[in-house]
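Structure assessment
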Amino acid sequence: MTLIEVRPHRTEGDRDQLGGALRRSRWAWLVAWQWVHWRHLDWRRGLAVVLGLGVGTAAILAVLILHDSIVAPFEALDGRIHSVNPDAVVVRSRIGNWMPAEDLRLLPESFQPVPVAGGFADVVAEGSGSQVGALVIGSDCRVERLLGDFDCEGNLKANLEDAPAGVGVPVALTARLAGALGVGEGDRLVFPGGQDAFVQAVLDDSRLDQVNSGYLAVGEVMGVAELFGHPDELSAIYLSSPGGDIEADVAATFGGRAEAMRPNGRSRYLVPALENLRRFLVLGGMVAAALAVFLGASVFVTAAVERRRQIATVELLGESRRRLFVGFMAEGAMLGVAGAAVALPVGVVLGRWLIGLFTANLLDGTGVHLDYQVPYRLLVGCAVLAVGLGVVAAVVPVLSVFRQSPAEMLAHNRTREYAGLAKGSWSVLFALLCAGGVGLMYGAGSGRLPEVVVYGAHVLFIAGAIGVTVLLAPRLVLRLPRPTRGRRLHLATSFVQTDLGLAPWRTGFTVAILSAGVSLLVGLNGLLVSLQATVEHRAVVLDDRLLLLGRAVGDPTEHALDPDLVAHIEGLPQVEAVSPLAETALAGKTTVFAYPAETHRSRFVLTGTGGEAAGQAAALGAGKVLLSRFAANSWGVGVGDTITLPTRAGSRQLEVAGVGDLLMGSDNGYGKVVVADIGIARDLWGIRDTSLLVATKPATHAADIAQALPARGRVHVYDRQTMTEAGQLHLRRGFSPVLGVGWMMLAIAAIGVLLMLVLTLWDRRRQRAALRQLGMSYPQELWALLADAAMLTFLAVLFGTTGGLIYGWGNTLAGPVLFSISPPFTIPWHAIAVATAIAAAVCLIGALLPIASTRRFDTLNALNDD
Amino acid sequence: MGLLCLDGVSKTYASGSLRVGALVDVSMQVVPGEFVVVTGPSGSGKSTLLHVAAGLDRPEAGSVTLDGTDVYAMSERRRLQLRRKDLGFVHQFFNLLAPLSAVENVALPLVLAGVRPDDARVEAEVVLARLGLADRFGHKPAELSGGQQQRVAIARAVVHRPRLVLADEPTGNLDSKAGAGVLALLSELSEELGVAVLLVTHDASAVSFGDRHVALTDGYLLSGARV
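Described below are features of the structure shown in this document. None of these values were measured; they are calculated from a predicted model. (Residues numbered from 1 in each chain as written. Chains lettered and ligands numbered in written order. Predicted model: local features only at pLDDT ≥ 70, side-chain atom pairs only at ≥ 80, totals over all residues. Heavy atoms only, no water.)

Of all hydrophobic cores here, the largest spans 48 residues; its most connected members are B:L108, B:L128, B:V152, B:I154 and B:L199. Secondary structure elements with two or more residues in this core: helix 16 (487-502) of chain A together with strand 3 (35-39), helix 3 (102-112), helix 4 (117-130), helix 5 (146-158), strand 7 (164-168), helix 6 (176-193) and strand 8 (196-201) of chain B. It is helix 3 of chain B that provides the largest number of residues to this core, a total of 8 residues. If you look at the next biggest cluster of nonpolar residues, it comprises 40 residues, including A:A121, A:V132, A:V183 and A:L239. (Core = buried A, V, L, I, M, F, W, Y, C linked by side-chain atoms within 4.5 Å. Buried < 20%, exposed > 50% of the residue type's maximum accessible area, 1.4 Å probe, protein only. Helix = DSSP H or I, 4+ residues; strand = E, 2+ residues; numbered from the N terminus.)

Below is the structure:
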């Protein structure tokens, strides 16, 4: 090979153009550089980079669209409300979402207090049964000066006065909500609390479109409170601040049971859900970005290494490394632009799919309505991101090449030992990262470490698992002994080791990326299956004669049972006895479960609180509570200690009668759990009954009770089977967006693996040619490719399943942070089977795709390709 | 009767609108046990001659027979068996499989041909020892010098006792001393095993190692003198 040859197969024209451009101008040089690179071989790699960047950026765009459509609107509520009146402050109860209406009188008139009742809820049109999630707000027209100009006087008050009379609570709907429900003035509606309501007015006000996408119902404050089953209670009091330290004034007025804050329009349940979602999306975005860079960079690694001689040659011609570097950057940017062209449409479609999953499942029943929107700035931002990732992907491998002198590059010998074999200490380090991640999950889940470390734990675990896989997977294969008797197995092992030996790092990354997808699928499904087991656990306490009545499983609205309805149920001839069950949320991510401790029905909760808590349940009485272990650790207390919780009569010290691991999930449990006797809970927190445990007479079925209930109201009747089914369905639906992201990652991983396999095969052409000359037949070549696919599948499943099981187990350890329970880990066999099948299919397709071109393979060119 | 007979073989390559004659009406024979050296400058058609002889590159005119059988009249499967049993190859860039040890590289053609791996290994060790690499059985190609790598490649080419070894610039990647060693080794093996060798090179010094010298220029066979 002579020095003036850029590549052996380049034409004179290529050399002339490059050489001439070197002497003329920078831009001409850049164009020539790209032209020479792309002219012959590199279009395949270019296509692979474009696809890699495109798919990775599309995932990022989808995650950002999801964030913009779900999290951002609620973040923006704060600003919207606040921008209308910068002095506006809202007082909210620290006990549940409701506070006594008489609290309004405690505030001085100088604060100009405005009472508000409401929240997010499902609204049902009684006639058609159509159902739409809405923000239901009850107030008077004084709220307008706080929330903004929506012509309250003109639209609401006047309409309410002039509107036709109806039965129940009058409400005004926005035109958008009325249209979605298909109702007009005078039509009847059903609200969560089961109270009668009717449409007294339809508001046409675009101003309100900015709140919950315009799905709003407004009414008189106490009327709306009744609709939620909380008569004589308020969900907030808005203040127009007179100045001074209003937080301190409010704290002094309410003794710690209410707090002043900036208005945010979000309920207590929605805040942690959105926080988790935001962190989850940030994590998903980071993983997607890492995938994009990896896919691009691993292709560029091949290109940069193969261009080693080319770089050296051009350097010897007198070109500076700086300009060579700029050339690579320009190439990365160009590929990034093409990647953006792929990413934008794919990302928009992916984002729409993810939002569909969230709106259809996660937010179903919350009353939150989302509009699908793709802001222009996101598209521009992602296009820029794709270009940036392309530049990064191009530059990183070149930096490693530039560490060599031109002479070293020209003398470069491809047959080098895989460095990963000597990286044992790094493997240990990455394994320790994984262990550290699980340790942090346990620490956060047990309450010993702050909640936020859970998210860091995920990053640590994923980074560690990828590192271990990259280093160990090729090492495992290269160390495999070759059988000395079985010829086929011997050949298969030889081929796999030979193929892998050509690009061990890339093989390691290929296995890592696929195993990461498998891990996510196995781990998240493991968590889901484990949580679903708790539903069975909860339902098992119901027997043939015990039923559970209350709101639908998974309904997060904190509406209480109508006392009249409870009296009606108690009076049913099929009912032997009823026992109330209740739960509410306290500030600081604390959930109170309340049950009668002294009756046989208490086993409903005792089944859920194991260990010492069960033994001490009988001790529950005045001033005593049981704590989940997570709560006890978080507060640093044990049995016999006291904790201070806000109550309606101010802060109150309570004795810890027991500490237990909660094995049974609730609908809305989150974080720290306090179990109290229901009588005490009513006194301390004004807790309302949210469910009834009903003991029926023999031969009574759930359907009998359901039929005996009044038509109005939305009370669900569950026996063991229906409760298990409903609970598992709710979990599956709630989890489907998370699993959706997992599937998306697996799909990206699959595309990446396919790209890698095809590229690897391209790199193997010389080796394949040599084998053909030695007499390797077509079936043997096919066998070699299948052996490669089988080995990659085996490694991906081995590392992926192991990692996934540890990941899922770690997540169950962290369960109390997100689900209030720490369920025993259940192995998701079906997910392992599905993941194995997908990994096998991906590897098989990756191995078989190039077979079509195998017969056209140019052995002679490959043999002579240096 | 020659082992390898090329009769009126022509082969052209197209480069854009330009057609280049790589081989023009070439006729030659290689008899069993003969060491034939083909020399010529770059682009003279040496490698094409080798590939055509190996049944890898079908000529546009003429015939190639091995032991009286037309190579290009055979099925692809039969040609494959021919390469497995009767032909051995030595390349300028060795083309050894990097992750396999020297002995595993040498044993590979035998395993591909159906020999049990442990038997193939024994056979490969015998050949490697004969070539002076008894202390390099377990070494990977990256751990061997260029000359040693080429000796492993030669061992791989003869381990299955072929009747014809085709060598394409086997000294092109070696220094003169190592190159001379490789040529001497091929010459010895040719005599010792009775295997014919067709070697193409631009190195004029190789001529002295062969039984016969053939020169190629621009696809034309210029001479067929016995050395």
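This is not the end of the story, as more comes after the structure.
We now examine the interface of chain B and chain A. Counting residues at the interface gives 28 residues for chain B and 32 residues for chain A. Area buried by chain B at its contact with chain A is led by B:P99, B:L112 and B:P117, which between them contribute 20% of it. For the pair chain B and chain A, the interface holds 0 salt bridges. Scanning the region where chain B abuts chain A turns up 0 residue pairs in polar contact (both at pLDDT 80 or more). Here the side of chain B that touches chain A takes 5 residues from helix 3 of chain B, the largest share from any one element. (Contact = heavy atoms within 4.5 Å. Buried area = accessible area lost by both parts, 1.4 Å probe. Salt bridge = Lys/Arg side-chain N within 4 Å of Asp/Glu carboxyl O. Polar contact = N/O pair within 3.5 Å; in protein donor to acceptor, adjacent residues only side chain to side chain.)

A word on unusual backbone geometry. The phi angle at A:D232 is positive, at roughly 65°, despite the residue not being glycine. Along the chain, the position of A:D232 falls in the loop between helix 7 (221-227) and strand 9 (233-234). Within the chain, B:R161 stands out as a residue other than glycine whose phi angle is a positive 55°. Relative to the helices and strands, B:R161 is located in the loop between helix 5 and strand 7.

It is worth spelling out the pattern of salt bridges at this point. Residues and elements named next belong to chain B. Evaluated as defined, the whole model comprises 17 salt bridges over all chains. Among the ionic pairs, E169 bridges to K46, the shortest N-O distance being 3.8 Å. Linking E169 in the loop between strand 7 and helix 6 with K46 in helix 1 (residues 46-53), this pair joins segments that are 123 residues apart in sequence. We classify K46 as buried; its relative accessible area is 6%. Ionic pairing is found between D67 and R163, a salt bridge with its closest N-O pair at 2.5 Å. Of the two residues, D67 is situated in the loop between strand 4 (61-66) and strand 5 (69-70) and R163 in the loop between helix 5 and strand 7; the sequence distance between them amounts to 96 residues. On the basis of relative accessible area, R163 is assigned to the partly exposed category, the value being 33%. A single salt-bridge network, built from bridges that share partners, covers D67, D86 and R163.

In this section: the pairing of strand 16 (residues 642-647) of chain A. Residue and element names in this part refer to chain A. The pairing of strand 16 with strand 17 (residues 650-660) spans 6 bridges and is antiparallel. Within strand 17, the residue paired with T647 across the bridge is G650. With antiparallel pairing between neighbouring strands as the criterion, strand 16 and strand 17 make up a hairpin whose turn holds 2 residues. (Pairing = 2+ DSSP bridges.)

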